Amino acid sequence: MALLGRTANGLFWMFRYIERAENMARLVDAGQRLSMTNLSSDEPDEWQSVLVSAGVEAAYLAKYSEYDTDSIIDFLLRDRDNPSSVRSSIDTARMNGRMVRTALTRDLWETLNESWLIMKSRLDKPLNPVELTAILELVKRQTALIRGVFHGTMLRNEIFDFCNLGAFIERADNTARILDVKYWVLLPEHSSVGSSLDNFQWASILRSVSAHRAYAWEYDGEYRAVDIIDFLMLNRRLPRSLAYCYICIEESLRYLNRNYETQHSCSRTAGDLTRKLSEASVKEIIDGGMHEFLEEFIVENNRVAREIAESYRFYA
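A brief look at the structure comes next. It should be emphasised that the depicted structure is a prediction, and the values quoted were computed from it without experimental measurement.

### Here we look at the nonpolar core
Now for step 1: Leu 108, Leu 232, Met 233, Tyr 246 and Ile 308 are the most contacted members of the largest nonpolar core, which totals 99 residues.
Now for step 2: Among the elements that make up this core, the one with the highest residue count is helix H1 (residues 5–35) (15 residues).
Now for step 3: In this structure, Ile 308 is in contact with Phe 12, Leu 165, Ile 169, Leu 253, Cys 266 and Phe 314, ignoring residues within four places of it in sequence.

### Observations concerning the environment of Arg 78
Now for step 1: Structurally, Arg 78 can be placed in the loop between helix H4 (69–77) and helix H5 (86–99).
Now for step 2: When the C-alpha positions of Arg 78 and Glu 218 are compared, they lie 36 Å apart, and in sequence the two are 140 residues distant.
Now for step 3: Those residues in contact with Arg 78 that lie beyond four places of it in its chain are Ser 85, Arg 87, Leu 123, Asp 124, Lys 125, Pro 126 and Leu 127.

### Concerning unusual backbone geometry
Now for step 1: Its identity as a non-glycine residue notwithstanding, Ser 210 has a phi of 55°, on the positive side.
Now for step 2: Structurally, Ser 210 is set in the loop between helix H9 (196–208) and helix H10 (212–218).
Now for step 3: Note on Ser 210: relative accessible area 53%, which makes it exposed.
Now for step 4: If you check the backbone angles, Arg 313 has positive phi at about 60° while not being a glycine.
Now for step 5: Secondary-structure assignment places Arg 313 in the segment after helix H15 (290–311).
Now for step 6: Residue classification places Arg 313 among the exposed positions, given a relative accessible area of 71%.

### Brief notes about the pattern of salt bridges
Now for step 1: As enumerated under the stated definition, the model contains 30 salt bridges in all.
Now for step 2: Here Arg 240 and Glu 19 are joined by a salt bridge, their closest N and O atoms 3.4 Å apart. Taken as a pair, Arg 240 in the loop between helix H11 (225–233) and helix H12 (242–260) and Glu 19 in helix H1 lie far apart in primary sequence, 221 residues in all. In terms of burial, Arg 240 and Glu 19 fall into one category: buried.
Now for step 3: Arg 177 is paired through a salt bridge with Asp 173; the nearest N and O atoms lie 2.7 Å apart.

Rules behind the numbers
- Within every chain, residues take consecutive numbers counted from 1 along the sequence as written.
- Only residues with pLDDT of at least 70 get local features here, since the model is predicted, and only at 80 or more are side-chain atom pairs given and counted; chain-wide, interface and lining totals rely on the full set of residues.
- To get the side-chain values, take all heavy atoms of the structure and skip hydrogens and water.
- What we call a nonpolar core is a set of buried Ala, Val, Leu, Ile, Met, Phe, Trp, Tyr and Cys residues that are connected through their side-chain atoms within 4.5 Å.
- Whether a residue is buried, partly exposed or exposed follows from its accessible area with a 1.4 Å probe, protein chains only, as a fraction of its type maximum: under 20%, in between, or over 50%, in that order.
- Going along the chain from the N terminus, every DSSP run of H or I of four or more residues is numbered as a helix, and every run of E of two or more is numbered as a strand.
- The contact criterion used is simple: two residues touch if any of their non-hydrogen atoms lie within 4.5 Å.
- A side-chain nitrogen of Lys or Arg and a carboxyl oxygen of Asp or Glu constitute a salt bridge if their distance falls within 4 Å.

The structure is reproduced here in structure tokens:
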């Protein structure tokens, strides 16, 4: 039996916002790690790059007159005026979860609700910079717990697929944005490309997406920009890579096509993006401009999300 559009909408956005809460924490983590490599600078360039890559720079400047590190971190983690902040995201995820509560297992709903209470309690308090790392780890741990219960208790049906689509659309978007942070940080100093500083920054990006050890297993452990870009964009075995996300998106869309006995445009668009990633090489991406490739990917990823919403009659 087909899901009602509002149920599909609630499931899709519940998991987009769970993923967004974790991803915003990871983006802040990337900014924090990269800022530690540029201690000689008085300008918070790394934090401005995080705002740009998160797509919230205009919203931040509407509230603040200058790029202040503490204000940026607070805006990304706690600010209710920022709909993509961790605090706003987990609130919205929980609200959507409550609307589709009967479509979730009891364990999943209780885990979501408990995680919301824990994160809400911590993020209601003013941020202490000394505690920033612990707060980011708390967000990553609680969202991972929700995801673990989801995979351990949910029936593999269309409910599962709409949740999966929301999660992987959001994850692909975030991995592209985290890579774009690296681009913006390096933009003023092209001479640093390939230097020890450059390699340290790439290692920081790996740690921010919890892929540091996995990279060492897949490659020889030496930090090379070309290998790290390949790993985070094109590797089909890394759960946070662009290629892996689109393998999962295409798979969920195939199951939905079979279940609903139809073929929607979103499947064709997702298939085109999957093929683009499978046929691309790191050399081609770098030669053509990594920033331009990532910008185009983010636009196409958003197009897939819109087409999914239009196909199944809910809001993008």
